[in-house]
Amino acid sequence: MKTRVVQAVLAMLLAVAGVTAGAAQLRSDHPIIGTWRITLPDGSCSETYRIRADGTTLVFSHEEVAESTFVITDQPDKNGFYKEVDTIVKDNGKSDCTGEITQPGRAVTNYLQFHPSGDMFLMCVERSLDRCIGPFVRVRGSAI
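Everything numeric here is computed off the predicted structure, so don't read it as measured data.

Focus on unusual backbone geometry
Here the residue pair G134 and P135 is connected by a cis peptide bond, since its omega of 10° sits within 30 degrees of zero. Take P135: it is sitting in strand 8 (residues 132-139). Phi angles above zero are rare outside glycine, and H62 is one such case at about 55°. Its place among the elements puts H62 in the loop between strand 3 (56-61) and strand 4 (64-72). Using a relative accessible area of 52% as the deciding quantity, one classes H62 as exposed.

Quick word on the environment of E126
Of note, E126 is situated in the loop between strand 7 (120-124) and strand 8. In this structure, the C-alpha to C-alpha distance between E126 and L112, residues 14 residues apart in sequence, is 9.1 Å. Discounting residues that sit within four places of it in the chain, E126 has contacts with F81, Y111 and R131.

Analysis parameters
Residues numbered from 1 in each chain as written. Predicted model: local features only at pLDDT ≥ 70, side-chain atom pairs only at ≥ 80, totals over all residues. Heavy atoms only, no water. Helix = DSSP H or I, 4+ residues; strand = E, 2+ residues; numbered from the N terminus. Buried < 20%, exposed > 50% of the residue type's maximum accessible area, 1.4 Å probe, protein only. Contact = heavy atoms within 4.5 Å.

As far as function goes, none of this settles anything; it's purely spatial.
If you want it as structure tokens, here you go:
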């Protein structure tokens, strides 16, 4: 009995550690911190990202609710791109705006470029504007 309790506690601790694994505290004025929304071109669906200074993200996309951890460079490179590595750590198993179901555990690297206003950014698969999605638009206030 005592062994099962210890195993259950260890499993809980590992699960909690998994939520923050890979996350890193950001400087308080990092441009990525905040709530962002991207809408499909036909307007049929939006995704909302609540990006926190502790290196975690909460995502709402159609029926999906997901949590991730991320690491992002503190400053952009010479071409204005921030390198970001994001890992989904939890997902409710429901479909996102594209109809897909996200599988936790996969790390994805993207390159973000912010508009000079700080209120929009593009997410690119490489350090180039050739293959990007966006704009992600900053959501002001507390509504998501």
